[in-house]
Amino acid sequence: MLLTRTEPALDLLGGDPGAPALVTPTTRIDYAELRDRIDDRRRALGDGRRLVFLSGGNTVEAVVTYLAALAGGHPVLLLPAGVDGAALDALVGRYAPDVVVRADEAGFELTDASGGTPRAFHPELALLASTSGSTGSPKLVRLSRTNVTSNARSIADYLGLTPDDRAATTLPLGYCYGLSVVNSHLVTGASLLLTDRSIVEPAFWDEFASLGATSFAGVPYTYELLESTDFARRDLPDLRYVTQAGGRLAPEKVRALARFGRERGFDLYVMYGQTEATARMAYLPPALAETAAGAIGVPIPGGSFRIDESVPGAAAGEGELVYSGPNVMMGYAESPADLARGPELSELRTGDLARRREDGLLEITGRLSRFVKSFGLRLDLDRIERLLAADGLEARAVALDERLVGFVRHDRFVDAARDAVARHTGLPVHAFDVHALAEFPRTANGKPDHAALRAHATLLRATDAPAAPSSPADAPVATPAASVAELRDLYAELLGRPDATEDDSFASLDGDSLNYVELALRLEERIGALPADWPSRSIRSFAPPALSAEPAVDALGSSPGDEPTRTHAQRAALPPAAPRRRRIARLETSVVLRAVAILLIVATHADVVQLKGGAHLLLAVAGFNLARFRFGGSAGGVGDERPERRRRVRGLLRSATLIAVPAVLWIGGVALIARTYDPATVLLSNQLVPGATAWSEQWQFWFLETLVWSIVGLAALFAVPGVTRLERRHPFAFALAVLGIALVVRYVVSGGITPSSPMRYALPAIAWLIALGWLVARSTTLPRKAAASAIVLATVPGFFGDPVREGIVIVGLGVLIWVTSLPVPAVLAGALGTVASASMFVYLTHWQVYPPIEEWSPPLAIVASFAVGLAAWWAWGRATGWLGARRRRRRRPAE
């Protein structure tokens, strides 16, 4: 008989009433209080068995709600990280949950969505889980009470958990690995340190030590990040063990971590599991971690393995790994009706290829789905990745139809990877592809995202397809409306982010100034003029609401009669149309202003014209772009601000570094060779030197000094808790307040309206221009634009005591406020975009280029300045890309 009433279904609390259960930096909840909270939450969830969807971080409210759902007999799905928007709507639409709960640091919010009709669930059904790699997929794993309790107790058994243990929650609750940490500790009477902090944050380790945590869990990516922290230097006397699962950690890293643990007094447990087995199926005993690295070890207590050697093409002794145990799932669910079904499996076919080693331990050798048959050869994609890694090439391999596609992290490695693949596989070079990416995509759980790589490979194949015949050069050609999928593909291609989703934005994908310009140009070709806040807008927001099934009508009202009506799917299958030939293109206003301003700066310095003010205009444009690139994020301030705060601070510091490092290297090199610059100038700190009363060559880089230290100051501002939320709630008012403070500082240090030279180049007197650009970016309505214009007219005049110079700044800011994009000759659009991207390098290097040339040819001095600046910009991009890839490839624990 199916349960339709509430009854105690699953109690995971195994601790003494007075023993600690949940700990945070501000809260300590013992098992007695936790049980009381669970009882209260059970009443809030309602009577009768109900389907509960739960989202939230690693918080007290989320854990209480999860445990209350189990205790009340309510099947519960903990939504994985990243499931929101369309993905969440699809799940809700498919399963029609009775209760949707948000439980995070902002509080507890319950939405009752039931229609009052009792639901039918199988008596054993306790938990639903999203399958690995299918975040947001309607296919869910059904787990029983027996599954949950047996796996929790098995894990506690082999880890030797006691009430003295305390695990830090380094993984999300919506991930079966993270949830298994909660279950195994509570069932044994141990405790949890609840935190959403990243292991790269020093505060995480401070709390870990001060609150007596004894363990943490991590996927391979966690341990990659760990290498960039001061973990090795930390004194963590209570750390008893660490665990690793969620993918294969390279054997050399396992050995290094195990050896380090032996020296520092903690154990390493390497584990193997799947969501379909509730969490864990095997573990490698810590005593074998150094000598048997690469093995998954032995079955967990109560489980067993067999190897099915009937797999076609498998090596001798190799086959599919099959697991049996009480933690094997009931089965899958793809509809509400499936929730009433009973257990359907007696064993789990893992899909992994394995062999039993000579020492009796099990070892995973590949994945059944990770093979491709090409040119008659059966190729193991995992083995190809390992062979390339042995050659010093970090790579990912996927199969697209029957074609092997490889990815590396930089263009410079493409040829070496192509040669290595051909050598290891015997394939001719024309039978496979190798592409470069900025970063390898990962799932929300930190695993390699092969699905995103396959989608990106499909995109690249379509991009390389032959273009359709172009129309006559001068014929007016209507640009077809770009679908949201096509725009996502454009972002993925240009930003090197195959993991981009339709809800991402340029800012959330960490775009930089170079791909900003290129993406802006390509977007304007697809959708026309861009709004001022386009970097913070989602990709989805640019697509038309729907694609009509009717033939398109051009601007003259005629319909192209030779174009048959096609569905969206049919249009998506067509090869990309040939680019239109246009005489006029539109460039985003800030791009044009950057190009024009740097041209005015160099031309003025070379004495071709005398039109000063370009550098001060560039400062305002920099503030404008900072507000769009680095201060993006959802408005309203709802929820935990910490992820957004971290993203802003990290992005700002990255921006400061991208300016400061090449500047210090260049200025320092010139100082060593020509002896022209003081150490303070080299370190971008000349403005701190007291006693300057007149302009000198030490002030030549004032623009870069001001920009770097302003960005650092903004990073410090947004690092303060609550500031990010306040700015998100009141973006215009916040920018106005910052501008007001900056103007007060300007007038105080200047002693009036017009500061003297060189004070007009010092940070206290000119930071207001960056704040003014910030305000312009937040002026998104007609009244705000009018207010920003009035502020420009009230603050700029009199600053220089030079009407022409002030006029250049006023006109530039006026255009930035009121005009989204500007028409330029199409043949110049690419050149202007490149100049805008390289503007900082042109400014940095031109001080050494134009002086010796301007005496006999000022125009040639301008050309030479831009040539050297563009070359420096190109070389710096190539060098940093190469160094970054090399550093990632070599970053391994010491052997």
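Because the structure is a prediction, the values reported are computed rather than measured.

Definitions and cut-offs
- Residues numbered from 1 in each chain as written.
- Predicted model: local features only at pLDDT ≥ 70, side-chain atom pairs only at ≥ 80, totals over all residues.
- Heavy atoms only, no water.
- Helix = DSSP H or I, 4+ residues; strand = E, 2+ residues; numbered from the N terminus.
- Buried < 20%, exposed > 50% of the residue type's maximum accessible area, 1.4 Å probe, protein only.
- Areas by Shrake-Rupley, 256 points an atom, 1.4 Å probe, with all protein chains shown as cover.
- Salt bridge = Lys/Arg side-chain N within 4 Å of Asp/Glu carboxyl O.
- Phe/Tyr/Trp six-rings, centres within 6.5 Å; stacked < 30°, edge-to-face > 60°.
- Lys NZ or Arg CZ within 6 Å of the ring centre and 35° of its normal.
- Pairing = 2+ DSSP bridges.
- Axes fitted to C-alpha atoms, helices over the stretch in contact; angles between N-to-C directions.
- Core = buried A, V, L, I, M, F, W, Y, C linked by side-chain atoms within 4.5 Å.
- Contact = heavy atoms within 4.5 Å.
- Parallel < 35°, antiparallel > 145°, perpendicular 65-115°, else oblique.
- Left-handed = near helix turned anticlockwise from the far one by under 90°.
- Nonpolar A, V, L, I, M, F, W, Y, C, P; charged D, E, K, R; others polar.
- Right-handed = clockwise from strand over helix to strand, strands pointing away.
- Polar contact = N/O pair within 3.5 Å; in protein donor to acceptor, adjacent residues only side chain to side chain.

Draft legend 1. Expanded view of the overall build of the protein chain. Within the protein chain, the regular secondary structure consists of 28 helices and 27 strands. In the protein chain, which comprises 895 residues, the proportion classed as buried is 51%. Accessible surface for the protein chain amounts to roughly 38000 Å². Of this, 58% is attributable to carbon and sulfur atoms.

Draft legend 2. Quick peek at unusual backbone geometry. In this structure, T278 is a non-glycine residue whose phi angle is positive, near 70 degrees. Mapped onto the fold, T278 is located in the loop between β13 (267-273) and β14 (280-284). Residue classification places T278 among the buried residues on the basis of a relative accessible area of 8%.

Draft legend 3. Up close: the pattern of salt bridges. In total, this model carries 34 salt bridges according to the counting rule given. With a shortest N-O distance of 2.6 Å, D206 and R234 are connected by a salt bridge. Residue D206 is located in helix α6 (residues 202-210), and its partner R234 is located in the loop between α7 (220-226) and β12 (241-244); the two are separated by 28 residues in the primary sequence. With a relative accessible area of 41%, D206 lands in the partly exposed category. Residue classification places R234 among the buried residues on the basis of a relative accessible area of 16%. When the shortest N-O distance is used, the salt bridge between D359 and R357 registers 2.8 Å. D359 gets classed as partly exposed once you look at its relative accessible area, which sits at 46%. When salt bridges that share partners are traced, they join R142, D338, R341 and E344 into one network.

Draft legend 4. Summary view of the packing of aromatic side chains. Evaluated as defined, the whole model comprises 28 aromatic pairs. Seen from their ring centres, W205 and F208 are 5.4 Å apart, and the 55 degrees between their planes marks the pair as tilted. Of the two residues, W205 and F208 both sit in helix α6, three residues apart, roughly one turn of that helix. On the basis of relative accessible area, W205 is assigned to the buried category, the value being 0%. Ring geometry for F208 and F216: centres 6.1 Å apart, planes at 80 degrees, overall edge-to-face. Residue classification places F208 among the buried residues on the basis of a relative accessible area of 1%. Look at F216 and you get buried, because its relative accessible area is 2%. A network of ring pairs unites the aromatic residues F204, W205, F208, F216, Y223, F231, F260 and F266 as a single cluster. A cation sits over an aromatic face here: R280 above Y177, 5.0 Å from the ring centre. A cation over an aromatic ring shows up here: R746 above the ring of W768, its NZ or CZ 4.6 Å from the ring centre.

Draft legend 5. Representation of the sheet that holds strand β18 (residues 331-333) in the model. Read from one edge of the open sheet, seven strands run β6-β5-β3-β4-β7-β8-β18, paired in mixed fashion. Single-partner strands in this sheet number two, and they are β6 (107-112) and β18. For this sheet the average axis-to-axis angle between neighbouring strands, irrespective of direction, equals 25 degrees. Relative to β18, strand β8 (residues 140-144) is paired through three bridges, and the arrangement is antiparallel. Bridge pairing in β18 links R142 to G331.

Draft legend 6. Spatial organisation of the nonpolar core. In this structure, W702, F703, L704 and W768 are the most contacted members of the largest nonpolar core, which totals 109 residues. It is helix α16 (residues 614-629) that contributes the most residues to this core, eleven residues altogether. Once you skip the residues sitting within four places of it in the chain, L704 turns out to touch I659, A663, M840, Y843 and L844. Membership of the second largest hydrophobic core comes to 72 residues, among which are Y31, L54, A167 and L348.

Draft legend 7. Representation of the packing of helix α15 (residues 589-605) against helix α24 (residues 803-818) in the model. Contact geometry of α15 with α24 gives a least axis separation of 10 Å together with a crossing angle of 165 degrees. The orientation of α15 with respect to α24, classified from their angle, is roughly antiparallel. Relative to α24, the crossing made by α15 is right-handed. Across the interface between the two elements, T589, S590, L593 and L600 from α15 touch I808, G812, V815 and L816 from α24. Looking at the contact of α15 with α24 residue by residue, the class counts come to five nonpolar, three polar and no charged.

Draft legend 8. A look at the pairing of strand β11 (residues 215-218). The two faces of β11 match: S215 and A217 on one face and F216 and G218 on the other face are all buried. Alignment of β11 against β12, held across four bridges, turns out to be parallel. Its bridge partner being in β12, A217 is matched across the sheet by T243. Following the backbone out of β11, through α7 and into the adjacent parallel β12, one traces a crossover that is right-handed.

Draft legend 9. The arrangement of the side chain of E207 in detail. Following the sequence through the fold, E207 ends up in helix α6. For E207, a relative accessible area of 13% translates into the label buried. At 3.0 Å, the side chain of E207 forms a polar contact with the side chain of R197. Each residue touching E207, except ones within four places of it in the same chain, is listed here: P25, L193, T195 and R197.

Draft legend 10. The arrangement of the packing of helix α23 (residues 782-795) against α24 in detail. The contact between α23 and α24 brings their axes to 10 Å, and the two run at 175 degrees. Considered as vectors, α23 and α24 are oriented roughly antiparallel to each other. On α24, the residues touching L782, K785, A786, A788, S789, V792 and L793 of α23 are I810, L813, I817 and W818. Classifying every residue of the contact of α23 with α24 by side-chain character gives nine nonpolar, one polar and one charged.

Purely spatial values, then, with no claim about function.
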